Number of protein chains: 2
Amino acid sequence: MDAAMRGDARKETPRSRLLAAALALYSRHGVNGTSLQMIADRLGVTKAAVYHQFRSKDAILLALLEPLVSDMREVVERAECERTRTAQVESVLTGVIDLAVRHREVSALMQADPAVPALHASQSDSAALSERIGQLLLGPDPEPGRLISVAMLGSALMMTGKNPKLAAVEDEELRRQMLVAARRLLGLRSRG
Amino acid sequence: MDAAMRGDARKETPRSRLLAAALALYSRHGVNGTSLQMIADRLGVTKAAVYHQFRSKDAILLALLEPLVSDMREVVERAECERTRTAQVESVLTGVIDLAVRHREVSALMQADPAVPALHASQSDSAALSERIGQLLLGPDPEPGRLISVAMLGSALMMTGKNPKLAAVEDEELRRQMLVAARRLLGLRSRG
DNA sequence: GTCTATAGTAGGATAGAC
DNA sequence: GTCTATCCTACTATAGAC
């Protein structure tokens, strides 16, 4: 299996190639800045061929987000089962970092692209999951300092993977360093 | 002077009202997701009236970014004059946080909207300023851990002000708490 | 400074042949 | 699964009246 397709596709299907092309363009130009014509051109086909794979432009975005949303749901549900605050924070922190590193580009897309909330308004709702993640990190009745640290952490975790300077950093290394930095940001002790 | 217009406009001109409307829509829907019709509708006028104030859609975005870019340039140039690494980091950190708080929505727009790099490719170039800010924070020959902390900090600083949960937080409080959190993230001692 | 009207283009999406 | 051809809508932008 090629290294570039880890995690998104087991086989090189027309569908998976289309999704990869769309993700690259969405990351660079934004969803609203990318036309179906641009996607088709990148694949060397016509728009009609794109419509054979997906019934609409929204369907492409949904398909791109689906694996991330699914992983987010799993992370949130697992963390919410923990019984101490410390364990909840620990669980959600490692879970979100893992997911942000595995889905680097899609995470940034979900965090920053205005087309995502517009789409999920009537859909499976990534916003609610982000909200639950925030609550887990905040805990009950947070001080302003905590509120602000957690807000900063949210942007940092989801957006960092897209940074071109980190493109060459291995997943494992990136995960480890992000976890250390996130603990510092929240004022947690590094685990011995 | 009304509290809502601090920093962007001394008088309530048609131009300043237009910029405020555009910024609100750009923040919510993205630049590419906002049409001139939407801006005109929000002001209760027609598109032609918008074109009387700005010759193109790009010109509106440029006018919105200009005060932030100008402040960024000032911050970078001041920091680059400092002679010790510690003083450079201190200067750029306080400067960027101050600017990110004063221009909360525009900062997030510049950081996250794909229309901004597309525009500045041929313009005054905010990308080069961001690059210089990154260099000041990184220093020469950074370890991977530092590279990743600084990448996280960059997203965090520019995006945090847009967080709706922090809308009620006063500028002064937000600035102070962001500075404390940023120091923790970078592993700096709080100033005594 | 705002309007009506319109040009010219590009967008998402569909129909039907191969 | 990909094509050509087309529909309809929305977009940016301009011209010219008030």
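For clarity, every value in this text was computed on a predicted model and none was experimentally measured.

Conventions we followed
Residues numbered from 1 in each chain as written. Chains lettered and ligands numbered in written order. Predicted model: local features only at pLDDT ≥ 70, side-chain atom pairs only at ≥ 80, totals over all residues. Heavy atoms only, no water. Helix = DSSP H or I, 4+ residues; strand = E, 2+ residues; numbered from the N terminus. Rg over C-alpha atoms; globule rule 2.2 N^0.38 Å. Contact = heavy atoms within 4.5 Å. Areas by Shrake-Rupley, 256 points an atom, 1.4 Å probe, with all protein chains shown as cover. Lys, Arg positive; Asp, Glu negative; His and termini not counted. Charge placed at Lys NZ, Arg CZ, Asp CG, Glu CD. Near = heavy atom within 4 Å. Polar contact = N/O pair within 3.5 Å; in protein donor to acceptor, adjacent residues only side chain to side chain. UniProt positions renumbered as here; feature names shortened; annotations may be inferred. Core = buried A, V, L, I, M, F, W, Y, C linked by side-chain atoms within 4.5 Å. Buried < 20%, exposed > 50% of the residue type's maximum accessible area, 1.4 Å probe, protein only. Axes fitted to C-alpha atoms, helices over the stretch in contact; angles between N-to-C directions. Left-handed = near helix turned anticlockwise from the far one by under 90°. Nonpolar A, V, L, I, M, F, W, Y, C, P; charged D, E, K, R; others polar. Buried area = accessible area lost by both parts, 1.4 Å probe. Salt bridge = Lys/Arg side-chain N within 4 Å of Asp/Glu carboxyl O.

## Let's talk about the overall build of chain A
Counting secondary structure elements, chain A contains 10 helices and zero strands. When the helices and strands of chain A are read in sequence order from the N terminus, they spell out α-α-α-α-α-α-α-α-α-α. For a compact globule of 192 residues, the expected C-alpha radius of gyration is about 16 Å, and chain A comes in at 18 Å, within 12% of that figure. The dimensions of chain A, computed from C-alpha atoms along their principal axes, are 55 × 35 × 25 Å. The contacts of chain A with a sequence gap of at least 6 include a subset with a gap of at least 24, amounting to 71%. For chain A, the exposed area adds up to about 9900 Å²; of that, 50% sits on carbon and sulfur atoms. Here chain A contributes 26 positively and 23 negatively charged side chains, and the mean placements of these two sets differ by 2 Å.

## Some words on the protein's contact with DNA strand C
Near DNA strand C there are 14 residues, and of these L36, Y51 and K57 of chain A together with T46 and A48 of chain B occur at the shortest range. Taken together, the sugar and phosphate atoms account for 53% of what DNA strand C places within 4 Å of the protein. Measuring from a phosphate oxygen of DNA strand C, one finds a side-chain N or O atom of Y51 of chain A at 2.9 Å. Within the backbone of K57 of chain A, one N or O atom sits 2.9 Å away from a phosphate oxygen of DNA strand C.

## Section: the environment of L186 of chain B
Tracing the chain through its elements places L186 of chain B in helix α10 (residues 171-186). Between the C-alpha atoms of L186 of chain B and M152 of chain B, which are 34 residues apart in sequence, the distance is 9.7 Å. Beyond its immediate sequence surroundings of up to four residues, L186 of chain B is in contact with R184 of chain A together with L93, L137, R146, S149, V150 and L153 of chain B.

## Points about the UniProt feature "domain: HTH tetR-type" (unreviewed entry) in chain A
UniProt annotation of "domain: HTH tetR-type" (unreviewed entry) refers to residues 12-72 of chain A when read in the numbering used here. Summarising residues 12-72 of chain A: 77% helix, 0% strand, and an end-to-end C-alpha distance of 25 Å.

## Some points on the nonpolar core
Judged by nonpolar contacts, the single largest core of 116 residues is most densely connected at I60 of chain A together with I60 of chain B. Top contributing element to this core by residue count: helix α4 (residues 57-81) of chain A, with 12 residues. The contact partners of I60 of chain B, leaving out residues within four places of it in the chain, are L18, L19, A22, Y26, L36, I39, V50 and F54 of chain B. The next biggest cluster of nonpolar side chains, apart from the first, holds six residues, and it includes A108 and M159 of chain A together with A112 and M159 of chain B.

## A closer look at the packing of helix α10 (residues 171-186) of chain A against α10 of chain B
One can describe the packing of α10 of chain A onto α10 of chain B by two numbers: an axis separation of 7 Å at closest approach and a directional angle of 145 degrees. At the point where α10 of chain A passes α10 of chain B, the crossing takes the right-handed sense. Listed contacts from α10 of chain B to A181, R184, L185 and L186 of chain A of α10 of chain A are A181, R184, L185 and L186 of chain B. When the residues that make up the contact of α10 of chain A with α10 of chain B are grouped by side-chain class, the tally is six nonpolar, no polar and two charged.

## Some thoughts on the protein's contact with DNA strand D
Taken together, 14 residues are adjacent to DNA strand D, and T46 of chain A together with L36, K47, Y51 and K57 of chain B come closest. Taken together, the sugar and phosphate atoms account for 57% of what DNA strand D places within 4 Å of the protein. Between T46 of chain A and DNA strand D, the recorded distance is 2.7 Å, taken from a backbone N or O atom to a phosphate oxygen. Contributions of two or more residues to the surface near DNA strand D are made by α3 (47-53) of chain A together with α3 (47-53) of chain B. For the surface near DNA strand D, the class distribution of residues is five nonpolar, six polar and three charged.

## Some words on the interface of chain B and chain A
The partner chain A presents 36 residues to the 36 residues of chain B that form the contact. With both chains or domains summed, chain B and chain A bury close to 2700 Å², and 69% of this area falls on carbon and sulfur atoms. If you look at where chain B meets chain A, you find two salt bridges. Across the contact surface, chain B and chain A share seven residue pairs in polar contact (both at pLDDT 80 or more). Of all the secondary structure elements, the ones that give two or more residues to the side of chain B that touches chain A are α1 (14-29), α8 (126-138), α9 (144-160) and α10 of chain B. Here the side of chain B that touches chain A gets 12 residues from one element, more than from any other, and that element is α9 of chain B. Each residue belonging to the side of chain B that touches chain A can be placed in one class, and the counts come to 19 nonpolar, 12 polar and five charged.

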